[in-house]
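Structural features, examined
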Amino acid sequence: MNDKIRIHLADDHQVLIDGMRTLLNTVSNFEVVGFSLDGSTIYDDVLNNETHILVLDISMPKKDGIEVIKEFSKKGYPCKVIILSSYDDLKIIQEVMKLGVSGYLTKQCAGESIVEAINAVANGEDYFCSTVREKIFNSAIKDNTKLNKEKVVVDSILTEREIEIITLIALENSGKEISEKLFISTNTVETHRKNIMKKLKAKGSIALVKFAIKNKLIRQ
């Protein structure tokens, strides 16, 4: 029981809360420990029920999702956050990413992706559904055309193994998939990922994608 992932749901629609809670409670290592229908008490709620993962809608009464995340950022994150929203606007996605969320799903893909997303985020990975990844990826490619064409000398920053791993991350491989392809443990993959993030001063997997595109580790 103690090793279950404790989940708090925040959405202004009770029907969605009930459906999501029913779905998530069928997963053996999940436990939905609370829910909120408005944003006013979410911070205290997740502290009180020792939440690991908050699944949060952007559109909330009293205090919207972005205000909640800003509160988390100011006070110190009490848990990891996955956005579950009807909106897939790139500006909103980029804003919440800068504020430190660990995942972003549209409600259209939630049914098939929410379980995978929660497990990934609980395991220390970022998770973005395919619609959101495509928007971020296309934005990164456009941004790259505006960058100075002088290429960073990748070999002087990263080891050969780290280059392999950042390339696989940029190609949307999960930690498990990378471990299988490189015949190393998932713990080793995670250690390499953390080292890469530290070397590049990157704050998330999207920054790694942008680095890979800029330095032509992946081709478009």
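Residues numbered from 1 in each chain as written. Predicted model: local features only at pLDDT ≥ 70, side-chain atom pairs only at ≥ 80, totals over all residues. Heavy atoms only, no water.

Moving on, we come to the nonpolar core. L56 and I118 are the most contacted members of the largest nonpolar core, which has 48 residues in total. Among the elements that line this core, the one with the most residues is helix α5 (residues 110-122), at 6 residues. Excluding its chain neighbours within four sequence positions, the residues that come into contact with L56 are A10, I42, G65, V68, I69, V81, I82, I83 and L84. Ranked by size, the runner-up nonpolar core spans 16 residues in total, among them I166, I178, L182 and A202. (Core = buried A, V, L, I, M, F, W, Y, C linked by side-chain atoms within 4.5 Å. Buried < 20%, exposed > 50% of the residue type's maximum accessible area, 1.4 Å probe, protein only. Helix = DSSP H or I, 4+ residues; strand = E, 2+ residues; numbered from the N terminus. Contact = heavy atoms within 4.5 Å.)

Before going further, it helps to spend a moment on the packing of aromatic side chains. For any pair of aromatic rings, the description rests on two quantities: the centre-to-centre distance and the angle between the ring planes. For the structure on display, the rule yields 2 aromatic pairs. Geometrically, the ring pair formed by Y43 and F72 is edge-to-face, given 5.4 Å between the ring centres and 75° between the ring planes. Of the two residues, Y43 is situated in helix α2 (residues 42-48) and F72 in helix α3 (residues 65-75); the sequence distance between them amounts to 29 residues. Owing to a relative accessible area of 10%, Y43 belongs among the buried residues under this scheme. (Phe/Tyr/Trp six-rings, centres within 6.5 Å; stacked < 30°, edge-to-face > 60°.)

Looking at the chain, the pLDDT average stands at 83 and 90% of residues meet or exceed 70. When mean pLDDT is taken per element in the chain, strand β3 (residues 53-56) scores highest with 95 and helix α6 (residues 130-146) scores lowest with 67. Every residue in residues 145-151 scores below 50 in pLDDT, and together they form 3 contacts with partners more than four places removed in sequence or on other chains. (pLDDT = per-residue confidence, 0-100.)

Before going further, it helps to spend a moment on the state of the cysteines. Counted by the stated rule, this structure contains 0 disulfides. Looking at C109, it has no disulfide partner, and the nearest cysteine sulfur is the one in C129, 3.1 Å off. C109 gets classed as buried once you look at its relative accessible area, which sits at 7%. (Disulfide = S-S within 2.5 Å.)

If you check α5, its first and last C-alpha atoms are 17 Å apart, about what 13 residues at 1.5 Å a residue would give, namely 18 Å. Once α5 ends, the next one or two residues include G124, with phi positive near 90°. (Expected span 1.5 Å × (residues − 1).)

Right, let's get into the pattern of salt bridges. On inspection of all chains with the given rule, the structure shows 12 salt bridges. Between K176 and E180 there is a salt bridge; the shortest N-O distance is 2.6 Å. Residue K176 and its partner E180 are located together in helix α8 (residues 175-182), separated by 4 residues, close to a single helical turn. Residue K176 is classed as exposed on the basis of its relative accessible area, which comes to 53%. (Salt bridge = Lys/Arg side-chain N within 4 Å of Asp/Glu carboxyl O.)

What follows covers the side chain of H192. Its place among the elements puts H192 in helix α9 (residues 186-200). Here H192 is in contact with R161, E162, I165 and I184, once residues within four sequence places are set aside.

This part is about the side chain of S85. For S85, the location among the structural elements is in strand β4 (residues 80-85). Here Y87 takes part through its backbone nitrogen, which lies 2.9 Å from a polar atom of the side chain of S85. Leaving out residues up to four positions away in the same chain, S85 has contacts with D57, I58, Y104, L105, T106 and K107. (Polar contact = N/O pair within 3.5 Å; in protein donor to acceptor, adjacent residues only side chain to side chain.)

It is the contact of helix α7 (residues 160-170) with α9, at a shortest axis distance of 10 Å, that shows an interaxial angle of 95°. Comparing the axis directions of α7 and α9 gives the class roughly perpendicular. Residue-level contacts link R161, E162, I165, I166 and I169 of α7 to H192, R193, N195, I196, K199 and L200 of α9. Within the contact of α7 with α9, the residues separate by chemical class into 5 nonpolar, 2 polar and 4 charged. (Axes fitted to C-alpha atoms, helices over the stretch in contact; angles between N-to-C directions. Parallel < 35°, antiparallel > 145°, perpendicular 65-115°, else oblique. Nonpolar A, V, L, I, M, F, W, Y, C, P; charged D, E, K, R; others polar.)

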